Amino acid sequence: TVGAELIIVDNKLNLIRRIDLGYYANLAPISPDGSSVVYNDKNDQLWIISLDNGSKFQLTNSPDGFFNPHWSPDSRKIAANSLSGDIVVFDIDSHQSYRIGKGTSINWLKDSNNILYCELEWNKRFQLEKSQLIITDFTGENRAELGVSSNSQILFCHYVPEQNRIVYVFKMNLIIHQIKRLGQRVEISDRQIISVDRFGMIDQPEAPAIRLDYST
């Protein structure tokens, strides 16, 4: 985006189209299928615009505001942070929305059904007390903790779809999990711990595999 315009270029940076959004939007991610862009307006409501014809429709109309939208790999759902602290998933086809928990660092898994994120717990003074890594389906009904509960504030996790891996930092260690299976049972194994110190990064032995059953 430049000012209030959405600028569309090809892979050689040739201009394809300019679309007037009517206001500045600093985040406007394109859908994986290349058909649409999602952005938030001046009232922090989400809109979707077609890249084929420039048509727009409003995805949210809520007293709550939204930001940092993430497309699912199949381009049929959007997960976003709300100003109230929740992660909210919007199913574009069914027009349903789901609040899956308070957290940050949204990662869609490659099946477009499950989400990895950092769940955050705050005290009455709005100080972060604990964080936990969560894998949940997009409705929030079936969820599992990754098994790392920490007061050291894990605020970032990353999913690598090409290798189906989860990466995060815990107590100065870089942790890598290989996802073996998704579904009613989340199976994660081959955890590699890489210790980080002032001399560099040192590989550590693998930890035992873990299996996580969704809570019911």
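Chains are numbered independently. Their residues run from 1 in the order of the written sequence. Owing to the predicted nature of the model, reporting of local features is limited to residues with pLDDT of at least 70; listing and counting of side-chain atom pairs is limited to 80 or more, with chain, interface and lining totals taken over all residues. Neither water nor hydrogens contribute to the side-chain values; these are computed over all heavy atoms in the structure.

## Section: the overall build of the protein chain
Then step 1. In terms of regular secondary structure, the protein chain is built from zero helices and 18 strands.
Then step 2. Relative accessibility thresholds used throughout: buried, under 20% of the residue-type maximum; exposed, over 50%; partly exposed, between the two (1.4 Å probe, protein chains only). Counting only residues that meet the buried cut, the protein chain has 45% of its 216 residues in that class.
Then step 3. By definition in these notes, contact holds between two residues if any of their heavy atoms fall within 4.5 Å. Excluding contacts between residues fewer than 6 apart, the proportion of contacts in the protein chain whose partners are at least 24 apart in sequence is 30%.
Then step 4. Note on areas: Shrake-Rupley with a 1.4 Å probe; residue coverage comes only from the protein chains shown. Here the protein chain has roughly 12000 Å² of accessible surface; of this, 49% comes from carbon and sulfur atoms. The numbering of helices and of strands both runs from the N terminus, where a helix is a DSSP run of H or I of at least 4 residues and a strand a run of E of at least 2.

## Describing the nonpolar core
Then step 1. Core analysis: the biggest nonpolar cluster contains 14 residues, and Leu 116, Leu 133, Ile 166 and Tyr 168 have the highest contact counts within it.
Then step 2. For this core, the secondary-structure elements that each account for two or more residues are strand E10 (114-122), strand E11 (128-137), strand E13 (157-160), strand E14 (165-170) and strand E15 (173-181).
Then step 3. Here this core gets three residues from one element, more than from any other, and that element is E14.
Then step 4. Setting aside residues no more than four positions away along its own chain, Leu 116 makes contact with Ser 105, Ile 106, Asn 107, Leu 109, Ile 134, Ile 135, Cys 157, His 158, Tyr 159 and Ile 166. For our purposes a nonpolar core is just a set of buried Ala, Val, Leu, Ile, Met, Phe, Trp, Tyr and Cys residues, chained together by side-chain atoms within 4.5 Å.

## So, the environment of Ile 179
Then step 1. Assignment of secondary structure puts Ile 179 in strand E15.
Then step 2. Along the chain, Ile 179 and Pro 161 lie 18 residues apart, while their C-alpha atoms are 9.9 Å from each other.

## Focus on the sheet that holds strand E3 (residues 36-40)
Then step 1. The strand order across the open sheet formed by three strands is E3-E4-E5, and the pairing between neighbours is antiparallel. With one partner strand each, in any of the chains shown, E3 and strand E5 (56-58) form the two edges of the open sheet. The sheet shows a mean angle of 25° between the axes of neighbouring strands, taken without regard to direction.
Then step 2. Any two strands with at least two DSSP-identified bridges between them are counted as paired. Here strand E4 (residues 46-50) runs beside E5; their pairing, made up of three bridges, is antiparallel. Following the sheet pairing, Trp 47 is matched in E5 by Gln 58. Only the stretch in contact is used when fitting a helix axis, every axis being a line fitted to C-alpha atoms; angles between N-to-C directions are given from 0 to 180 degrees.

## Quick word on the packing of aromatic side chains
Then step 1. Stacked, tilted and edge-to-face are the three classes applied to pairs of Phe, Tyr and Trp rings, where Trp contributes its six-membered ring and a pair requires centres within 6.5 Å; stacked means planes under 30 degrees apart, edge-to-face means over 60, and tilted covers the rest. Inspection of the entire model under this criterion finds three aromatic pairs.
Then step 2. With a centroid separation of 5.6 Å and 80° between ring planes, the pair formed by Tyr 98 and Phe 138 is classed as edge-to-face. Of this pair, Tyr 98 sits in strand E9 (residues 96-108) while Phe 138 sits in the loop between E11 and strand E12 (143-150), and the two are 40 residues apart along the sequence.
Then step 3. Note on Tyr 98: relative accessible area 21%, which makes it partly exposed.
Then step 4. Sitting over a ring, as applied to charges here, requires NZ of Lys or CZ of Arg to be within 6 Å of the ring centre and within 35 degrees of the ring normal. We note Lys 77 situated over the ring of Phe 138; from NZ or CZ to the ring centre the distance is 4.7 Å.

## A few points about a nonpolar patch on the surface
Then step 1. Residues Val 9, Leu 13 and Leu 15 make up a contiguous nonpolar surface patch of about 310 Å² in total accessible area.
Then step 2. Relative to the helices and strands, Leu 13 is located in the loop between strand E1 (5-9) and strand E2 (15-20).
Then step 3. Taking the relative accessible area as the measure of exposure, Leu 13 reaches 68% and is therefore exposed. Here the term patch refers to residues with relative accessible area over 30% and no salt bridge, with like charges joined within 9 Å and nonpolar side chains (Val, Leu, Ile, Met, Phe, Trp, Tyr) within 5 Å. The salt bridge criterion pairs a side-chain nitrogen of Lys or Arg with a carboxyl oxygen of Asp or Glu, the two atoms within 4 Å.

## A short note on the pattern of salt bridges
Oppositely charged side chains can pair when the atoms bearing their charge come close.
Then step 1. This model, assessed by the stated rule, comprises eight salt bridges.
Then step 2. A salt bridge links Arg 143 to Glu 119; the nearest nitrogen and oxygen atoms lie 3.0 Å apart. Note that Arg 143 is positioned in strand E12 and Glu 119 in strand E10, a separation of 24 residues in sequence.
Then step 3. One salt bridge connects Lys 130 with Glu 121, and the closest N-O pair in it is separated by 3.7 Å.
Then step 4. Of the residues examined, Lys 130 reaches a relative accessible area of 30% and is grouped as partly exposed.
Then step 5. A network of salt bridges, in which partner residues are shared, links Asp 64, Asp 86, Arg 99 and Lys 102.

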